[in-house]
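One letter stands for each residue in the lines below.
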Amino acid sequence: MYVLKLQTAAGAVGVTVRSPHRGVIDWIARYVGPWWQTSRADDLMGGPVVTAMASGFDELAAEVEAARWQEVGYPRAATRYAAGREGTVIAVTPADRVGYRYTAPTDRMDVHGERPHVLARSAVRVARELVRAQLVADGWVLLHASAAVWPGGGAVLALGGRGAGKSTLAFTLAAAGAGLLGNDRVFARPAREGGVELAPWPSGAAIGLGLLGALGWTEVAREHLAGGAAAHPSQDARVTAAILAGHTTALFDEGREVKAHIRPEEFTGWFGLSGAACGRVTVMVFPAIRPGARPGLDGTRDVAAVGVSEADFMMGATEDSYPDIFGLTGGRGAGSAQARAEVAARLAAVPGYPVVLGHAPGANAAFLTRLVPAPGPAAVVERG
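Predicted, not measured: the structure shown is a model, and the values here were computed from it.

Engineer: Can you explain the overall build of the protein? Please cite residues and give values.
Structural biologist: Per the secondary structure count, the protein includes 10 helices and 22 strands. Projected onto its principal axes, the C-alpha coordinates of the protein cover approximately 60 × 50 × 40 Å. A burial count over the protein gives 52% of its 384 residues as buried. Counting every atom, the protein has about 16000 Å² of accessible surface; 51% of that belongs to carbon and sulfur. In the protein, 36 side chains carry a positive charge and 35 a negative one; their mean positions are 2 Å apart.

Engineer: Break down the nonpolar core for me, with residues and values.
Structural biologist: Within the largest apolar cluster, 68 residues are counted, with the highest numbers of intra-cluster contacts made by Ile28, Val50, Tyr100, Met109, Trp217, Phe267 and Phe326. Excluding anything up to four places from it in sequence, Val50 contacts Val15, Thr16, Val17, Arg18, Met109, Val111, Ala123, Val126, Ala127 and Leu130. Leu143, Leu198, Phe286 and Val350 belong to the second largest nonpolar core, which has 21 residues in total.

Engineer: Residues and numbers for the side chain of Asn183, please.
Structural biologist: The topology assignment puts Asn183 in the loop between β12 (179–182) and β13 (185–190). Taking the relative accessible area as the measure of exposure, Asn183 reaches 6% and is therefore buried. A polar contact is formed between the side chain of Asn183 and the backbone oxygen of Gly204, at a distance of 3.4 Å. When neighbours within four sequence positions are excluded, Asn183 is seen to be in contact with Ala145, Ser146, Ser167, Phe171, Ser203, Gly204, Ala205 and Phe267.

Engineer: Describe in detail the packing of helix α1 (residues 22–32) against helix α3 (residues 116–137), supporting the description with residues and values.
Structural biologist: Between α1 and α3, whose axes approach to 9 Å, the crossing angle comes to 50°. Classified by the angle their axes make, α1 and α3 are oblique. Crossing of α1 over α3 shows right-handed handedness. From α1, Val24, Trp27, Ile28, Tyr31 and Val32 reach across to α3, where they touch Pro116, Leu119, Ala120, Arg121, Ala123, Val124 and Arg128. Here the residues of the contact of α1 with α3 sort into 10 nonpolar, no polar and two charged.

The rules behind these values
Residues numbered from 1 in each chain as written. Predicted model: local features only at pLDDT ≥ 70, side-chain atom pairs only at ≥ 80, totals over all residues. Heavy atoms only, no water. Helix = DSSP H or I, 4+ residues; strand = E, 2+ residues; numbered from the N terminus. Buried < 20%, exposed > 50% of the residue type's maximum accessible area, 1.4 Å probe, protein only. Areas by Shrake-Rupley, 256 points an atom, 1.4 Å probe, with all protein chains shown as cover. Lys, Arg positive; Asp, Glu negative; His and termini not counted. Charge placed at Lys NZ, Arg CZ, Asp CG, Glu CD. Core = buried A, V, L, I, M, F, W, Y, C linked by side-chain atoms within 4.5 Å. Contact = heavy atoms within 4.5 Å. Polar contact = N/O pair within 3.5 Å; in protein donor to acceptor, adjacent residues only side chain to side chain. Axes fitted to C-alpha atoms, helices over the stretch in contact; angles between N-to-C directions. Parallel < 35°, antiparallel > 145°, perpendicular 65-115°, else oblique. Left-handed = near helix turned anticlockwise from the far one by under 90°. Nonpolar A, V, L, I, M, F, W, Y, C, P; charged D, E, K, R; others polar.

Set out below in structure tokens:
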């Protein structure tokens, strides 16, 4: 049995993953390694344990079918779940032929899947959820935000709705030398000495072909894909074909942009970014993307009008694609109301700037680095 310990820089928070399949363990280590500490010591460190097995799906599916199951999107695939025997929750995603059994008394999650890449993705998914539960219990909240960390630990926190430009801002700063802490979700907590500290939530990203090209990443991705690297399983085949052809024009399907899907480890392994393990908020930016615009402060928006409130936080009912089907957080997946209110109050005292960004990363980077200059080595986790 291969063992991998995952631990965040946010205190003694972590999960042990076990599997007889070394490829599963190797994949998970690459996935979270830029942000979380990983260790392959073969002893269990205590706390939650995830066991990933390439067998047992049919038996678990039959058990779910015999129970009074409910169905939900987890994360976006139809998943059936029900209470099992002896304090367990069981769930299966038939389309992926993957299933889960969580035993609350022992804090153990068993994952059963037939395809190695699906098994690995499913195992890391629930491992992150177990880490989330520990962080929430420790007073952290999950924000719908992006963040980059300058050398020295000062973080730029980008807030805004879908499509506002949060990820664009974080990628732009990361390409300019900051550490990428998160591109859509980050954890935040009131720091004991004042202010707000951040922790990462390792995840992939959907990036439009235009931004991919502007960042200079299209050719890098093309070389990897042409060399035999597998595209993200959820990436549209038309996007893969466009990248292989070197196209950088946005691709649309019935008015919706079809984007490249980038795995977390590809940010560091393919595109040379650094992953930040932690940071402290020194400035907030509220971006808006306007094609052809010259980057600058957005005089059309008052920072007070787009300021921080609990409505800016990622709430489970609106943005969370990981409903708490296993009862890990007791319905508090975004953090407790008290913690959210305290984080909002702390952030209200942080300087904030509404900005407009264009489609030229070089110009965006030049403006942003003048607005939020680097103080001087980032809190970076070495990949395990």
